[in-house]
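As a plain string of letters, each chain reads:
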Amino acid sequence: QRICFPPPGSAREAHGFAESVAARIVAVAPGTAWAHRARGLALDTLERPAEAVAALAEAERLDPRHPVVPFRLGVLHHRAGDLDRAVAAFRRSLATAGDQPEVLRRAARAALARADRAGGGSGTGDVDDAVGWLETAARSSPGGAEVWHELGSALRRRDPAAARRPLATAVRLDPRVRAHH
């Protein structure tokens, strides 16, 4: 079967076309992880999160070592408020991709949101996990004011005195951060 590319249009039309092509490939070759991944990413862009999660979950089942898939699943679950699944997906992404700063930061945000939902205490270990992830992200992105600010904000939940240094670093790197803390 031939696939004809449409004339250039909007980005939304392009993503819709990409999703339909990926859906056709999935129909012909359902064991193709990259087609499920492409379809899931297109569905996410088209704001069809339930379908995106299903396609990405199948892609992950078929190729559990691909780091983008659990990362995108984590983003989708976090956006939907399913914080347990979000944190679990980000953990899988970290296990396959290593300590990527954006994955570390997203994992920390999901863990902190889950801690907030549980009453804000660090008893669940979420705050400790978030602090550890943000410390790693800060070491790998020492010039990033935002990550230092996030680290200081997370530390403030546990030990306000320990939060001073990373917050001061954030302000030193970008004085505009001062307005946010």
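See above for the structure.
Computed from a predicted model, the values in this text were never measured in an experiment.

> What am I meant to see in the nonpolar core here?
Nonpolar side chains in soluble globular proteins generally cluster together in the buried interior. Ranked by internal contacts, the top residues of the largest apolar core, which has 31 residues, are Phe90, Trp133 and Leu151. At the level of secondary structure, the elements contributing two or more residues to this core comprise helix 4 (68-80), helix 5 (83-97), helix 6 (101-117), helix 7 (126-140), helix 8 (145-158) and helix 9 (160-173). Looking at this core element by element, the count peaks at 8 residues for helix 6. Discounting residues that sit within four places of it in the chain, Leu151 has contacts with Val131, Leu134, Glu135, Ala138 and Pro166. Residues Ala55, Leu56, Leu73 and Leu76 belong to the second largest nonpolar core, which totals 9 residues.

> Teacher, can you tell me more about the packing of helix 4 against helix 5 here?
The axes of two packed helices give the description: the angle between them and the distance between them. Direction vectors running N to C along helix 4 and helix 5 enclose 160°, while the axes themselves pass 7 Å from each other. Taken together, the axes of helix 4 and helix 5 lie roughly antiparallel to each other. Where helix 4 crosses over helix 5, the two elements pack in a sense that is left-handed. Contact residues: helix 4 offers Pro70, Phe71, Leu73, Gly74, Val75, His77 and His78, while helix 5 offers Leu83, Arg85, Ala86, Ala89, Phe90, Arg92, Ser93 and Thr96. For the contact of helix 4 with helix 5, the per-class residue count stands at 8 nonpolar, 5 polar and 2 charged.

> Mind showing me how you'd approach the environment of Ala18 here?
Here Ala18 is to be found in helix 1 (residues 11-28). Using a relative accessible area of 34% as the deciding quantity, one classes Ala18 as partly exposed. Ala18 sits 20 residues away from Ala38 along the chain, and the two C-alpha atoms are 7.7 Å apart.

> How do you make sense of helix 8 when you look at a structure like this?
Residues spaced three or four apart along an α-helix point in a common direction, a consequence of the helix completing one turn every 3.6 residues. Look at helix 8: 21 Å from first C-alpha to last across 14 residues, which is about the 20 Å you get at 1.5 Å a residue. Here the buried face of helix 8 lies against helix 6, helix 7 and helix 9.

> Could you clarify how one ought to interpret the packing of helix 6 against helix 8 in this entry?
Where helix 6 contacts helix 8, the axes come no closer than 12 Å and their chain directions differ by 25°. As summarised for this structure, helix 6 and helix 8 are arranged roughly parallel, according to the angle between their axes. The crossing of helix 6 and helix 8 is left-handed. Only Glu146, Val147, Glu150, Ala154 and Arg157 of helix 8 make contact with helix 6, whose side of the interface consists of Arg105, Arg109, Leu112 and Asp116. Classifying every residue of the contact of helix 6 with helix 8 gives 3 nonpolar, no polar and 6 charged.

Conventions we followed
- Residues numbered from 1 in each chain as written.
- Predicted model: local features only at pLDDT ≥ 70, side-chain atom pairs only at ≥ 80, totals over all residues.
- Heavy atoms only, no water.
- Core = buried A, V, L, I, M, F, W, Y, C linked by side-chain atoms within 4.5 Å.
- Buried < 20%, exposed > 50% of the residue type's maximum accessible area, 1.4 Å probe, protein only.
- Helix = DSSP H or I, 4+ residues; strand = E, 2+ residues; numbered from the N terminus.
- Contact = heavy atoms within 4.5 Å.
- Axes fitted to C-alpha atoms, helices over the stretch in contact; angles between N-to-C directions.
- Parallel < 35°, antiparallel > 145°, perpendicular 65-115°, else oblique.
- Left-handed = near helix turned anticlockwise from the far one by under 90°.
- Nonpolar A, V, L, I, M, F, W, Y, C, P; charged D, E, K, R; others polar.
- Expected span 1.5 Å × (residues − 1).

Coordinates in, geometry out; function isn't part of it.
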